Structures are given as C-alpha cells and as structure tokens.
Amino acid sequence: MGEDRSRGQAPQSVLTEIPKSAAHQRGAFFGRRKGHKLRKQQAGLYEDLLPKLSLDISQAAPRELASIFPFALEKLQLEIGFGGGEHLLHEARKHPSTGFIGCEPFINGMAKMLAVIQKEAIPNIRLHPSDALYLLEWLPEHSLDRIDILYADPWPKKRHWKRRFISDENVARFARVLKPGGMLRFASDIDTYVEWALVRLLRAKEFHWLAEKADDWRLPYPDWPGTRYEQKALREGRKPAYLEFRRV
Ligand SMILES: C[S@@+](CC[C@H](N)C(=O)[O-])C[C@H]1O[C@@H](n2cnc3c(N)ncnc32)[C@H](O)[C@@H]1O
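Residues numbered from 1 in each chain as written. Predicted model: local features only at pLDDT ≥ 70, side-chain atom pairs only at ≥ 80, totals over all residues. Heavy atoms only, no water.

A. Here's a closer look at the site of the ligand. The environment of the ligand is formed by 19 residues, the closest being Gly81, Glu104, Ala132, Leu150 and Thr227. A distance of 2.9 Å separates a nitrogen atom of the ligand from a polar backbone atom of Ala132. A distance of 2.7 Å separates an oxygen atom of the ligand from a polar side-chain atom of Thr227. Here the ligand loses 93% of its free accessible area of 590 Å² to cover by the protein chains. Classifying every residue of the shell around the ligand by side-chain character gives 12 nonpolar, 3 polar and 4 charged. (Near = heavy atom within 4 Å. Polar contact = N/O pair within 3.5 Å; in protein donor to acceptor, adjacent residues only side chain to side chain. Areas by Shrake-Rupley, 256 points an atom, 1.4 Å probe, with all protein chains shown as cover. Nonpolar A, V, L, I, M, F, W, Y, C, P; charged D, E, K, R; others polar.)

Below is the structure:
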C-alpha cells in the first residue's frame, strides 16, 4: 500500500463510495483525475486525513447538514471544482462561522488542500474527492446558503458542450439544494460558456440574476482573492464574467 500511495493513487476506500443509480453511472466529470506523482507526505494525508474530512455519501445525508461539523455554524457553502483551493481556503479563513464543502476530483488539487488544512488546522472545511453530481444528489433539500462554480472546465469545442457542468439538470439540482434566498456564483473567462450558463440560469424560474449594470458582472465579487485559472485567463488576455444569482 505504501508503494501505491507514493505513486499518487487515491485509496480505493475514498473513490468507491459512489452510488449506482442511472444518473450516477453517467457522471459529470470528464477531466483529469491524476497529475504528477504525490509526494510521500501528500499521499499520507490522502490516506489518513481525507477519510476523516470526506462526506460519507454512501449513507443518507443527516437531516441537519450542519451536523457534519462539530460546532455551531451560521452558514453552509459549497465550492465545486476548487482546483488549487485558493478561493476556498481564503473563504474558510475569513468566515470561521461558515462551514464549507469543497469538491474536487483532481487528486493533486485535493492533496494540496489537505496539506494546507493540516498545516493551518482549518476546522471548517469538509471534502468530497469526486464528481459534484454525486454530492448534489446526496445533499438534503434547501441545505446550502451558497454554491460557487469558478472557472468550470469550459469544453470550448462544440462537440464537447454536453460535458459542461452547467446544464438544465444541474441547475435544477442547484435549486433543490440551495435555501430560498441562497446564492449561486458562476465565474468564467470563456464567453461561450458565460452565454451558455446565462441561458440556462435565466430560464430557470428558481433563479434571479442580480446584475443591474455591466460592472456587476465585469468586476469580481467583493473580497475576491482570485484563482489560478483566473490568473491564467488574465495573462492570456481574456476578461472574466462574474455572475451571481439568487435562489428565489
Ligand atoms: C478549470 S479548473 C478551475 C479550478 C479552480 N476553480 C480555479 O479557478 O482555478 C476546473 C476544475 O473543476 C473540476 N471539475 C470538473 N468537473 C467536475 C465535476 N463534475 N465535479 C467536481 N469538480 C469538477 C476539475 O477537476 C478542475 O479542477
């Protein structure tokens, strides 16, 4: 097992807890699960710390989702595809009375997150190291105050558009798990994906786009730390859009 770990393999225990309904078999993750080999310490955290912080979606969700944290919380937020974790960590440090669920199937991103959580003893993050679709199906109705989807894989080629995470089906899933009055943030630097997301969110009666003027989507959200993909987009001359919707 030690040998396998040093090759950057995720322990099977974490990756096999995937329900088997028809929707789940299809899945929504088409990206890369592994990058470079994990260092020994990272692999150790993946094996030891990740199971402690992972949500057990093989069991029914608790009626009170906040009970996944051992202390009282004011809010619960989910970040889908946190990548290197810059934004999720910034939010968790700034808002200690909010509980965060971070979802990221990319093993190296998750390993990086685990290292920071351990080093800084961050108490208010729980993790899901797999496809967000499974998590959205597991979460109780009206349990979240906010969902963030930042620089989701854009799948720019038309034949891959069906892989985009924003779909009418997933918009309905966001509506189910968000509390009325809850927020959904979607930022992207790919204009066809911004249009794609707007079309799907504007036709969903559960969501209201908050923008009143161009700067509301041209400027980042307040207290925005940026993300790695955003930096890449800005370096390459692409202008992101920052959409925000209220669950009515
Ligand atoms: C382009 S990266 C952006 C990462 C980060 N949010 C940022 O802005 O730097 C998209 C991320 O979404 C993750 N992702 C893609 N499909 C996903 C899914 N179905 N569930 C959860 N995460 C997903 C990928 O693994 C990847 O890390």
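We are not done yet, so read on.
B. The environment of Ala111, seen in detail. Summarising the element assignment, Ala111 is placed in helix α6 (residues 107-120). For the pair Ala111 and Leu49, spaced 62 residues apart in the sequence, the C-alpha separation amounts to 9.8 Å. (Helix = DSSP H or I, 4+ residues; strand = E, 2+ residues; numbered from the N terminus.)

C. Seen up close, unusual backbone geometry. Here Ala121, not a glycine, exhibits a phi torsion of approximately 50°, which is positive. Counting through the fold element by element, Ala121 comes out in the loop between α6 and β3 (125-128). For Trp155, which is not a glycine, the phi torsion comes out positive at approximately 40°. On the secondary structure map, Trp155 appears in the loop between β4 (144-150) and α8 (168-177).

D. Quick peek at the pairing of strand β7 (residues 241-247). Extensive coverage of β7 is indicated by the burial of 6 of its 7 residues. By the bridge criterion, 6 bridges tie strand β5 (residues 178-188) to β7 in an arrangement that is antiparallel. Counterpart to Leu184 in the pairing with β7 is Phe245. One ladder, built from 3 bridges, connects strand β6 (residues 207-209) with β7; its direction is antiparallel. (Buried < 20%, exposed > 50% of the residue type's maximum accessible area, 1.4 Å probe, protein only. Pairing = 2+ DSSP bridges.)

E. Fine view of the packing of aromatic side chains. Summed over the entire model, instances satisfying the criterion amount to 9 aromatic pairs. Arranged with centres 5.6 Å apart and planes meeting at 70°, the rings of Tyr221 and Trp224 form a pair that is edge-to-face. Ring centres 5.5 Å apart and planes at 85° place the aromatic pair Tyr221 and Tyr242 in the edge-to-face group. Highlighted residues: Tyr221 in the loop between α10 (215-218) and α11 (228-235) and Tyr242 in strand β7, separated in sequence by 21 residues. One exposure class covers both Tyr221 and Tyr242, and it is buried. Here the aromatic cluster, defined as three or more aromatic residues joined through ring pairs, consists of Tyr221, Trp224 and Tyr242. (Phe/Tyr/Trp six-rings, centres within 6.5 Å; stacked < 30°, edge-to-face > 60°.)

Purely geometric stuff here, so don't read any function into it on its own.
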